Amino acid sequence: MTFDLTEVIRPNILALKPYRCARDDYSEGILLDANENAYGPTTVTEHAGNLNRYPDPYQPEVKERIVKLRGLSSIKSVFLGVGSDEVIDLLFRIACVPSKDKILITPPTYGMYSVCAQINDVQVIKSPLNVTNGAYQLDLENVLSVIKSTPDIKLIFLCSPGNPTGTCLSHNSIKAVLESGYRGLVVVDEAYVDFVDKEEGSVAQWTEKYPNLVVMQTLSKSFGLAAIRLGIAIAHPDIIQILNNTKAPYNISTPSAMIAMEALSDKGLAKMYDYRKRLISQRNEMIKKLNQFPIPGIGRILGGNDANFVLVEITSDKTKKPSNDRASKVYSMMAQSLGVVVRYRGTEYGCEGCIRITVGTEKENVTMFNMLEKALKSIA
């Protein structure tokens, strides 16, 4: 079945004549076209980057480095957003008619999909993951059935590795969705993909084969640049053009772009790969210690452990079963009294009694284990 983008994108977006900013025309010479402050920024210290000038609207140099890193063919397949959250919101705005269209999510999953849906007045359809024994894989039969019976689903969000599951979806299951005849956009959120240490990692290069695939990535996780808010969408150039038409004119700031360029340089990548190696090593050490915890209260480690965190059950000493009550109290005590903040995830589907522990440095992890033991001893 041939994919037709005009069936997915809202008619008003297809007809949109995008705002043409000053830097779309000229970026050199005596620039008196954008009402900038000609005397410069009023910062007390000097900073690189001509901060009194509006930034490049598209940041092609940053995109070139992403293309090289991910093995893509062209910067025309790359969009940059203010974090992945801007990408998510833009996808809603270009594809979903409020009060009419729907999206599909696969709980447990990243909460911003549902938040953006509510903001944009879009109904959320849920096809829960198979959570048996912490598998956290697509219930493919149900997903395909829902797609077939609900033609006004415009977006399918697949989080891989998942949050809070820390689990990569099988590539065969993603491929099955893409090849099902579905006529909307399949969005694969790969925020944690650099922490995958097995073959089934990124599907970014699949965008050259599947015109309705959008892959989201970020510099917030493996690159350690959460503060600069730089998210990435990789897709067919026609989709990228629509995102560029719809975004705010200067969404990526010059300081963010400069830092991204440094991080994506050869030296920056070497540092990222070193940190990745250390985080994966610490993740493995965390799993080992949780499995050998010296006192009762630690249950199963769930999921595939493909991210920079571990999802683990907190159990009741009486029933030996996962306990939301105990997990919540352990989380609160650690944060409020013991100086270590983890995340309580017990209310998520298939995560009963779970806390999510981000992998820290060696020193942070030692402290976390000591405080976790103290909290478990204090809370029966």
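Each remark here, short or long, concerns the structure printed above.
Described in the following lines is the structure provided in the data block. Fair warning: this is a prediction, and the values are worked out from it, not measured in the lab.

## Some remarks on the side chain of Thr 254
Thinking step 1. Looking at the element boundaries, Thr 254 is found in helix H9 (residues 254-263).
Thinking step 2. Discounting chain neighbours no more than four positions away, the residues touching Thr 254 are Gly 49, Leu 51 and Pro 55.

## Thoughts on the pattern of salt bridges
Thinking step 1. Counted by the stated rule, this structure contains 19 salt bridges.
Thinking step 2. With a closest N to O distance of 3.1 Å, Lys 154 and Asp 101 form a salt bridge. Highlighted residues: Lys 154 in strand S4 (residues 153-159) and Asp 101 in the loop between helix H4 (83-95) and strand S2 (102-105), separated in sequence by 53 residues.
Thinking step 3. What makes Lys 154 buried here is its relative accessible area of 13%.
Thinking step 4. The class for Asp 101 is buried, based on a relative accessible area of 1%.
Thinking step 5. Residue Glu 348 is joined to Arg 345 by a salt bridge in which the shortest nitrogen-to-oxygen separation is 3.7 Å.
Thinking step 6. According to the relative accessible area criterion, Arg 345 is buried, its value standing at 16%.

## Things to note about the environment of Val 310
Thinking step 1. You can see Val 310 is positioned in strand S9 (residues 309-314).
Thinking step 2. Residues Val 310 and Gly 299, spaced eleven residues apart in sequence, show a C-alpha to C-alpha distance of 12 Å.
Thinking step 3. Filtering out sequence-adjacent residues up to four positions away, Val 310 remains in contact with Arg 283, Met 286, Ile 287, Leu 290, Ile 301, Asn 305, Ile 355, Arg 356 and Ile 357.

## Overview of the sheet that holds strand S10 (residues 343-344)
Thinking step 1. Here we have four strands laid out as an open sheet, ordered S8-S9-S11-S10, and antiparallel in their pairing. Taken across any chain shown, the strands that pair with only one partner, and hence form the sheet edges, are strand S8 (298-302) and S10.
Thinking step 2. Where S10 meets strand S11 (residues 354-358), two bridges bridge the pair, whose relative direction is antiparallel. Looking at the pairing, Arg 343 lines up with Arg 356 of S11.
Thinking step 3. Across the sheet, helix H12 (residues 362-378) lies against S8, S9 and S11, angled at about 160° from S11, the strand it touches most.

Rules used throughout
Residues numbered from 1 in each chain as written. Predicted model: local features only at pLDDT ≥ 70, side-chain atom pairs only at ≥ 80, totals over all residues. Heavy atoms only, no water. Helix = DSSP H or I, 4+ residues; strand = E, 2+ residues; numbered from the N terminus. Contact = heavy atoms within 4.5 Å. Salt bridge = Lys/Arg side-chain N within 4 Å of Asp/Glu carboxyl O. Buried < 20%, exposed > 50% of the residue type's maximum accessible area, 1.4 Å probe, protein only. Pairing = 2+ DSSP bridges. Axes fitted to C-alpha atoms, helices over the stretch in contact; angles between N-to-C directions.

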